Amino acid sequence: MTGATALRRDEQADAVLRDSRLSRDLAALLADGGVTCVSFDVFDTLLRRRVGRPEAVFDAAAERAAAEDPALPFEPQEYRFIRIEAENRARKACADPEIAFETIFDHMPFDEALRARLRDHERSVEMETVYADPHGLSLLHMAQAGDKPVIFISDMYHSPAFIAALIRKATGVETHGRLYVSSEYCATKHRGDLFDHV
């Protein structure tokens, strides 16, 4: 896709949203003197993945690992279940409401070298498949044009640095310390305690 094509697509999304109820609601919030900032959830609001379900990232990571080493101790089609089970084990073993990405791989029955390769492949697939949701991006542009600070909030096991890189890659926006991620604070949006850190 050329830059001009991407720009036209962004302009079309902006035009569709300009008259939508969501944009009118956001405009009202931006004009409200009681509103101190505008927050965006990251995944499925601002960012999306070019894969059907998030678990498809695991499949792609396994395929890359198999292409490097055909003698893996698992079949690529089995890896999704291994990865999901490792995450489940990590969550059960953790007293905190969120885990770190690396902790998931500590619960895999592989040596550290293979776990490191699988982590790297998963991050690479995430980075390559992420894109900005056109509607979310239009709302972000609208919020940035106002005078309220914009913050980003995510319940996610990835590090803030990695999520900031995903946002930068997909939107061109720098988060500048305005990114709040559950893995860093051991608090979640879901429980409500992540908002205590904002």
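So, a few notes on the structure that sits alongside this text. (Residues numbered from 1 in each chain as written. Predicted model: local features only at pLDDT ≥ 70, side-chain atom pairs only at ≥ 80, totals over all residues. Heavy atoms only, no water.)

1. Some remarks on the layout of surface pockets
For clarity, the cut-off: Here a cavity means grid points, on a 1 Å grid over the protein atoms only, where a 1.4 Å probe fits yet cannot get out; a pocket means an open set of points with protein on both sides within 12 Å along at least five of seven lines; lining residues are those with an atom within 4 Å of a point. Grid points are joined across faces, edges and corners, and a volume is the space filled by probe spheres set on the points. Segments assigned H or I by DSSP are reported as helices when at least four residues long, segments assigned E as strands when at least two residues long, and all are numbered from the N terminus. Polar here means any residue other than Ala, Val, Leu, Ile, Met, Phe, Trp, Tyr, Cys and Pro, which are nonpolar, and Asp, Glu, Lys and Arg, which are charged; Gly is therefore polar.
Of the volumes computed, that of the largest pocket is approximately 390 Å³. The wall of the largest pocket is formed by 18 residues, among which R49, E87, D155, M156 and Y157 lie closest to the centre. No other element matches the four residues that helix α4 (residues 76–93) contributes to the lining of the largest pocket. Here the residues of the lining of the largest pocket sort into six nonpolar, two polar and ten charged.

2. Quick look at the packing of aromatic side chains
Our working rule: Pairing of aromatic side chains here covers Phe, Tyr and the six-membered ring of Trp, requires ring centres within 6.5 Å, and sorts the geometry by plane angle: under 30 degrees stacked, over 60 edge-to-face, intermediate tilted. Summary of the burial criterion: residues with accessible area below 20% of their type's maximum are buried, those above 50% are exposed, and those between are partly exposed, where the area comes from a 1.4 Å probe applied to protein chains only.
Per the stated rule, a full pass over the model turns up five aromatic pairs. Seen from their ring centres, F74 and F110 are 5.1 Å apart, and the 35 degrees between their planes marks the pair as tilted. Here F74, found in the loop between α3 (56–68) and α4, pairs with F110, found in the loop between α5 (101–106) and α6 (112–129); they are 36 residues apart in sequence, far enough to count as distant. Each member of the pair, F74 as well as F110, carries the same accessibility label: buried. Every member of this aromatic cluster is reached through a ring pair, and the members are F74, Y79 and F110.

3. Here's the deal with α6
Quick note on the threshold: To estimate the expected span of a helix, count its residues, drop one, and scale the result by 1.5 Å. Arc definition: directions from the helix axis to the C-beta atoms. Pairs of N or O atoms are called polar contacts if they sit within 3.5 Å, as long as, within protein, a hydrogen donor faces a hydrogen acceptor (for residues adjacent in sequence, only side-chain-to-side-chain pairs).
Taking 1.5 Å of rise per residue, 18 residues should cover 26 Å, and α6 covers 26 Å from first to last C-alpha, within 8% of that figure. For α6, the set of buried residues is L114, R115, L118, R119, H121, E122, V125, E126 and T129. Looking down the long axis of α6, one finds its buried residues gathered within 165 degrees of arc, a one-sided arrangement. With a side-chain oxygen lying 3.1 Å from the backbone nitrogen of A113, the N-terminal cap of α6 falls on D111.

4. Considering the pairing of strand β4 (residues 150–154)
The cut-off we apply is this: By this definition, two strands are paired if DSSP reports at least two bridges between them.
Most of β4 sits out of view: five of its five residues are buried. Because side chains alternate across β4, one face comprises the buried residues V150, F152 and S154, and the other comprises I151 and I153, equally buried. One ladder, built from four bridges, connects strand β1 (residues 38–41) with β4; its direction is parallel. Each residue of the ladder has a partner; that of V38, found in β4, is V150.

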